[in-house]
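Listed here are the chains, written in short residue letters.
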Amino acid sequence: MKMLRRWYDAWRRSRLGTRLALGLGVLALVVFAVVGTVMVGIMKGYLNDRLDEQLAKTQISQVPSLRTTHGGKPQQAYGWFSAVYSVRNGDALPQAGGSLPPDTKALEKVAEDATQTEVLRTVYIEDKGTYRVRACPIERSQNIVLVSAAPQADLDRTVSQLVMVEVVAFLLALAVLVIAGRLVLRRGLRPLSDMAGTAHDIASHDLTTNADLPVRARANGGGAEVEELRTAFNVMLAHLDSSLVARREANERLRRFIADASHELRTPLTSIRGYAELFRYAAANEPAEREAHLSKIREETQRMSVLVDDLLLLARLDAPETEAPLRLVDVDIAELITDAGEAFAAGRPEHPLSLGPIPEGVVLQADPVSLRQVLDNLLANAAVHTPPGTAVTLSGAASGSEVVLRVSDAGPGIPPEARERIFDRFFRVDTARTRGNGGTGLGLSVVRSLVSAHGGTIDVESVPGATTFTVRLPRRR
């Protein structure tokens, strides 16, 4: 049992090409054994039939003369035994002139059974071996029988030689088949070895510092199945490559986001700490001075609260499966645009606002608070990044199954190199701006996240003197 277990373990540890070649050899061995057995059986039967035919012809040619002489001396072939028996009272007695072995019991038994019909039988004669015996009646009325026995040694020797030739030929053919099959299989499985080498090459790369996977399985050949495997392997590598790149970019964005958030939070915290120190030292001074310091602390605290609220909103929008940030109801677009315009006109009187075409009676399924924040952020962005007196336009339209909202201004426009990044978090066109005079760069990021949460899109078109943000939202979710 242990030996079989060791053989099985060695079989499992062997290479696929070796296992296939050995399996092919075992199958060929079974086929050779079946073919050899059939061939030997056919040859042995053929030789037996020829020997029986020779015995029959010899006896048939002798019977007329033996019948005339009532026995006599039968013809004898080399190595044969031939005799005439007279069966009396169930006992076979040989007549003179025949050729008999020392042990005649087997021949007598055949003679006793052949008084009325021919008998063909294979018997063993002691000290002589196996013989093929044929007995036929000469005179049925007198129970005279001719018995002839031909040795089967030559036949068995011929069959043994045939078996030896087949064994040698089949073993040579099996060896050639296994060796040639192993070579062919090694060549056919070479693409798999190439893919294994590619996998080892990938394993040698340090993906923690460089996520690029430049290696691919590029060998040819192997058949349709290997080609499908190679294609699937390369598709998997491409998917891993893109996933690693996306992960690296996400980690980079996260790192940049944390750094920017830390920087933006540190600014108001530093201001609060500074005003707190000034308040402590000015505690015995004029009440107006103390109130000014408290006002500054409240202002910085409020600004920090707005920043934290924006960050929390973006985090909720990035993980909608854990918390649904939207509460969808039917929203009247005309009312929403009018309210946003009135609030902007009251808070930013230095920027004249005009309302463009407004669709009447159009209802949109959306979160009214989030949608109002989208318009407020776009309007505030237009006011912050344009000089006083710049005209701002707010309009809406309904087209088929979607609603389009547009916020336009006649400001200096957005530089081309900045348009692709204006929706990134903490990105500012003018890096010299602070939160006090230009915001932190979260407003447009919040806008894009809220629009995406509603299933819509936002894009920007800008040239000097005209910048337009276009929001497209589906009417129904």
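Residues numbered from 1 in each chain as written. Predicted model: local features only at pLDDT ≥ 70, side-chain atom pairs only at ≥ 80, totals over all residues. Heavy atoms only, no water.

Looking at an unreviewed UniProt entry, the protein chain carries the name histidine kinase, with the source organism given as Amycolatopsis umgeniensis. Within the UniProt record for the protein chain, the comment given under Subcellular location (unreviewed entry) is "Cell membrane". As stated in UniProt under Cofactor (unreviewed entry), the record for the protein chain gives "a divalent metal cation". (UniProt positions renumbered as here; feature names shortened; annotations may be inferred.)

> Give me the packing of helix H8 (residues 333–347) against helix H9 (residues 368–384): which residues, what numbers.
Between H8 and H9, the least distance of the axes is 10 Å, while the angle of their chain directions is 40°. Between H8 and H9, the angle falls in the class oblique. As for the relative orientation of H8 and H9, their crossing is right-handed in sense. Residue-level contacts link Leu 336, Ile 337, Asp 339, Ala 340, Ala 343 and Phe 344 of H8 to Pro 368, Leu 371, Arg 372, Leu 375, Asp 376, Leu 379, Ala 380 and Ala 383 of H9. (Axes fitted to C-alpha atoms, helices over the stretch in contact; angles between N-to-C directions. Helix = DSSP H or I, 4+ residues; strand = E, 2+ residues; numbered from the N terminus. Parallel < 35°, antiparallel > 145°, perpendicular 65-115°, else oblique. Left-handed = near helix turned anticlockwise from the far one by under 90°. Contact = heavy atoms within 4.5 Å.)

> Tell me what's going on with the confidence of the model for the protein chain, and back it up with residues and numbers.
For the protein chain, per-residue confidence averages 80 on the pLDDT scale, and residues scoring 70 or more make up 80% of the total. Confidence over residues 431–438 falls short of pLDDT 50; this stretch has 14 contacts with residues more than four positions distant or in other chains. (pLDDT = per-residue confidence, 0-100.)

> Run through helix H11 (residues 443–453), naming residues and quoting values.
When H11 is considered as a whole, its buried residues turn out to be Leu 444, Ser 445, Val 446, Val 447, Ser 449, Leu 450 and Val 451. Phi for Gly 455, located one or two positions after H11, is positive at around 80°. (Buried < 20%, exposed > 50% of the residue type's maximum accessible area, 1.4 Å probe, protein only.)

> Give a description of the sheet that holds strand S3 (residues 119–125) that names residues and reports values.
Pairing within the open sheet is antiparallel, and its five strands lie in the order S2-S1-S5-S4-S3. One side of each edge strand has no neighbouring strand; the edge strands of this open sheet are strand S2 (91–94) and S3. The mean angle between the axes of side-by-side strands here comes to 35°, regardless of whether they run parallel or antiparallel. Here S3 runs beside strand S4 (residues 129–139); their pairing, made up of seven bridges, is antiparallel. Pairing of Ile 125 across the sheet is with Gly 129, part of S4. Taken strand by strand, helix H3 (residues 105–112) contacts strand S1 (81–88), S2, S3, S4 and strand S5 (144–151), and its axis lies near 165° from that of S3. (Pairing = 2+ DSSP bridges.)

> Lay out the pattern of salt bridges with the relevant residues and their values.
Taken as a whole and assessed by the stated rule, the structure comprises eight salt bridges. The shortest N-O distance in the salt bridge between Asp 52 and Arg 132 comes to 2.6 Å. Highlighted residues: Asp 52 in helix H2 (residues 16–69) and Arg 132 in strand S4, separated in sequence by 80 residues. Of the residues examined, Asp 52 reaches a relative accessible area of 13% and is grouped as buried. A salt bridge links Arg 372 to Asp 376, with the shortest nitrogen-to-oxygen separation between them at 3.0 Å. Taken together, the residues Arg 372 and Asp 376, both in helix H9 and four residues apart, mark about one turn of the helix. Since its relative accessible area comes to 25%, Arg 372 is described here as partly exposed. Connected through shared salt-bridge partners, Arg 50, Glu 53 and Lys 57 make up one network. (Salt bridge = Lys/Arg side-chain N within 4 Å of Asp/Glu carboxyl O.)

> Account for the UniProt feature "transmembrane region" (unreviewed entry) in the protein chain, with residues named and values stated.
Residues annotated in UniProt with the feature "transmembrane region" (unreviewed entry) correspond here to residues 20–43 and 162–185. The span residues 20–43 carries 100% helix and 0% strand; its end-to-end C-alpha distance comes to 34 Å.

> So what's going on with unusual backbone geometry? Which residues, and what values?
With a phi angle near 55°, Asn 89 is a residue other than glycine that sits in the positive phi range. The residue Asn 89 is located in the loop between S1 and S2 in this model. For Asp 127, which is not glycine, the phi torsion reads 70° and is therefore positive. Residue classification places Asp 127 among the exposed positions, given a relative accessible area of 70%.

> Outline the nonpolar core, listing residues and values.
Core analysis: the largest hydrophobic core is formed by 36 residues, its most contacted members being Leu 378, Ile 422, Phe 469 and Val 471. Elements with a minimum of two residues in this core: H8, strand S8 (363–366), H9, strand S9 (392–399), strand S10 (402–409), H11, strand S11 (457–463) and strand S12 (466–474). Once residues lying within four places of it in the same chain are set aside, the contact partners of Leu 378 are Val 407, Leu 444, Val 447, Ile 458, Phe 469 and Val 471. Ranked by size, the runner-up nonpolar core spans 19 residues in total, among them Phe 81, Val 87, Val 123 and Val 133. (Core = buried A, V, L, I, M, F, W, Y, C linked by side-chain atoms within 4.5 Å.)

> Give me the environment of Val 184: which residues, what numbers.
Of note, Val 184 is situated in helix H4 (residues 153–188). On a C-alpha basis, the gap between Val 184 and Ala 21 in space is 9.3 Å, while along the polypeptide they are 163 residues apart.

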